[in-house]
Amino acid sequence: MTIAYIYHPDCLLHDMGEGHPECPARIEAIEDQLKASHLFDFVRHYEAPLATVGQLARVHDKNYISRVLSYSKLEAYVDSENPHAYLDPDTLIMPKTPQAALRSAGAAVLATDLVMTGKTKAAFCCVRPPGHHALRGESMGFCFFGNVAVGAAHAIAEYGVQRVAIVDFDVHHGNGTEDLVQNNPNILFCSTFQHPFYPYCGTENVPSNVVNAPLAAGSDGEKFRAAVTDYWLPALHKFMPQIIFISAGFDAHYDDDMSSLRLVERDYAWVTQELLNVADKYGEGRIISALEGGYELHSLGRSVTAHLRVLMRMN
Ligand SMILES: [Zn+2]
């Protein structure tokens, strides 16, 4: 079965400088592996549109959106010869960043439109910058807008969806998503993450619609699968989501130096299949995945390939 593959070349324009792990080469590594495995010819390609301020404002403060967008102008920078500014110690913005960030969020909106109108069952947003650390009014951890939360809010506002699940298997806790969706009765948010680890939260004051499953450093696929089986799946079956969004970060991979978890490709394939089963049972197979982390370029490409193979029901 084919799926929608949503991307835009503007996603390569955001570049936080030499040596920064959240780099344009990530997208190229993914496409390279998808081509090598011949999946690239079988997905249906779409260009990500720009998200509108109205779509972003469903989850972000308007003043914050204006502030991010203002950085597309050189006047926003102290040094117009070398225009850049730190929005947090890890997160650099430059004149092309707002364009890339709007494409990333716009991809999730288009994916929602395609899935909700029945043009496709499943979609993958191959975009950057990622989104799951972006707070309501603040950039954080390489993220500017909460792409997946923007998509979820679009499904609710535009299509009247009552029950949206967001799941996040990035190695870092999706604190931004949690901030954007907390206590929203229409959304269930399930997250696995290494703990204690950046962003050093997710185990205390957990909102009622959030299921957080922390994993100790060194945890392997067996521990990850147990967390999904014991925490996510019962919550998902109880919630009966009409659509599932995946914050698909691949930085828990054994080969990724960003973390100390030990997942491998077959773990990503396994969790994707489990989520697909839930989507089939309650949501007519509707599932949208958006790239978050994943910094070791080889394992990133292989893991996304394993993930898409399951979304395409080729296993
Ligand atoms: Zn991450």
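What you are looking at is a predicted structure, and each value in this text was computed from that prediction instead of being measured.

**Brief notes about unusual backbone geometry**
Alright, step 1. Across the junction of H195 and P196, the peptide omega takes the value 0°, indicating a cis bond.
Alright, step 2. Not every positive phi belongs to a glycine, and E284 is a case in point at roughly 50°.

**Focus on the environment of Y71**
Alright, step 1. With respect to the helices and strands, the residue Y71 is situated in the loop between α3 (62-70) and β3 (85-88).
Alright, step 2. On a C-alpha basis, the gap between Y71 and T97 in space is 7.8 Å, while along the polypeptide they are 26 residues apart.
Alright, step 3. Apart from residues no more than four positions distant in its own chain, Y71 is found in contact with A76, Y77, A85, L87, I93, M94, P95 and P98.

**Structural notes on helix α5 (residues 147-159)**
What sets the pattern is the α-helix's 3.6 residues per turn: residues three or four places apart point alike.
Alright, step 1. Taking 1.5 Å of rise per residue, the 13 residues of α5 would be expected to cover 18 Å, and the 18 Å separating its terminal C-alpha atoms lies within 8% of that figure.
Alright, step 2. N147, V148, A149, V150, G151, A152, A153, H154 and A155 are the residues of α5 that are buried.
Alright, step 3. Positive phi appears at G160, one or two residues downstream of α5, with a value of about 65°.

**A short note on the packing of helix α4 (residues 97-116) against α5**
Alright, step 1. It is the contact of α4 with α5, at a shortest axis distance of 8 Å, that shows an interaxial angle of 40°. For the element pair α4 / α5, the angle class is oblique. Here the hand of the crossing between α4 and α5 comes out right-handed. Here α4 contributes A101, S104, A105, A108, V109, T112, D113 and M116 to the contact with α5, which in turn contributes N147, V150, G151, H154, A155 and Y159.
Alright, step 2. A per-class count over the contact of α4 with α5 returns eight nonpolar, five polar and one charged.

**Quick look at the UniProt feature "domain: Histone deacetylase" (unreviewed entry) in the protein**
Alright, step 1. In this numbering, the UniProt entry assigns the feature "domain: Histone deacetylase" (unreviewed entry) to residues 20-311.
Alright, step 2. Secondary structure across residues 20-311 comprises 40% helix and 15% strand; the distance between its end C-alpha atoms is 30 Å.

**Quick word on the nonpolar core**
Alright, step 1. Residues Y5, F169, W232, L236, I287 and L308 are the most contacted members of the largest nonpolar core, which totals 53 residues.
Alright, step 2. Residues contacting I287, with those up to four places away along its chain left out, are V115, K121, A122, A123, I244, I246, L275, L276, A279 and L311.
Alright, step 3. Core analysis: the second largest hydrophobic core is formed by 47 residues, L56, Y77, I243 and F245 among them.

**Topic: the sheet that holds strand β7 (residues 187-194)**
Alright, step 1. Sheet architecture is open: eight strands sit in the order β2-β1-β5-β10-β9-β6-β7-β8, paired in parallel fashion. Two strands close off the open sheet at either side, each with one partner strand: β2 (44-47) and β8 (210-215). Ignoring strand direction, the axes of neighbouring strands in this sheet form an average angle of 15°.
Alright, step 2. Its contacts with the sheet put α4 on β1 (4-7), β2, β5 (122-125), β9 (243-248) and β10 (287-291), and the angle it makes with β5 is roughly 170°.

**So, the state of the cysteines**
Alright, step 1. Under the criterion given, the structure shown has zero disulfides.
Alright, step 2. In this structure C125 is a free cysteine whose sulfur lies 9.2 Å from that of C126, the closest cysteine sulfur available.
Alright, step 3. Here C143 stays unpaired: no disulfide links it, and the sulfur of C201, its closest cysteine neighbor, is 13 Å away.
Alright, step 4. Note on C143: relative accessible area 0%, which makes it buried.

**Description of the pattern of salt bridges**
If charged atoms from side chains of opposite charge come close, those side chains can pair.
Alright, step 1. One pass over the structure, following the stated rule, counts nine salt bridges.
Alright, step 2. Between E22 and R128 there is a salt bridge whose closest N-O contact spans 2.6 Å. One end of the pair, E22, is in the loop between β1 and α1 (25-36); the other, R128, is in the loop between β5 and α5, with 106 residues separating them in the sequence. R128 shares its class with E22; the two are buried.

Reading the values: the criteria
- Residues numbered from 1 in each chain as written.
- Predicted model: local features only at pLDDT ≥ 70, side-chain atom pairs only at ≥ 80, totals over all residues.
- Heavy atoms only, no water.
- Helix = DSSP H or I, 4+ residues; strand = E, 2+ residues; numbered from the N terminus.
- Contact = heavy atoms within 4.5 Å.
- Expected span 1.5 Å × (residues − 1).
- Buried < 20%, exposed > 50% of the residue type's maximum accessible area, 1.4 Å probe, protein only.
- Axes fitted to C-alpha atoms, helices over the stretch in contact; angles between N-to-C directions.
- Parallel < 35°, antiparallel > 145°, perpendicular 65-115°, else oblique.
- Left-handed = near helix turned anticlockwise from the far one by under 90°.
- Nonpolar A, V, L, I, M, F, W, Y, C, P; charged D, E, K, R; others polar.
- UniProt positions renumbered as here; feature names shortened; annotations may be inferred.
- Core = buried A, V, L, I, M, F, W, Y, C linked by side-chain atoms within 4.5 Å.
- Pairing = 2+ DSSP bridges.
- Disulfide = S-S within 2.5 Å.
- Salt bridge = Lys/Arg side-chain N within 4 Å of Asp/Glu carboxyl O.

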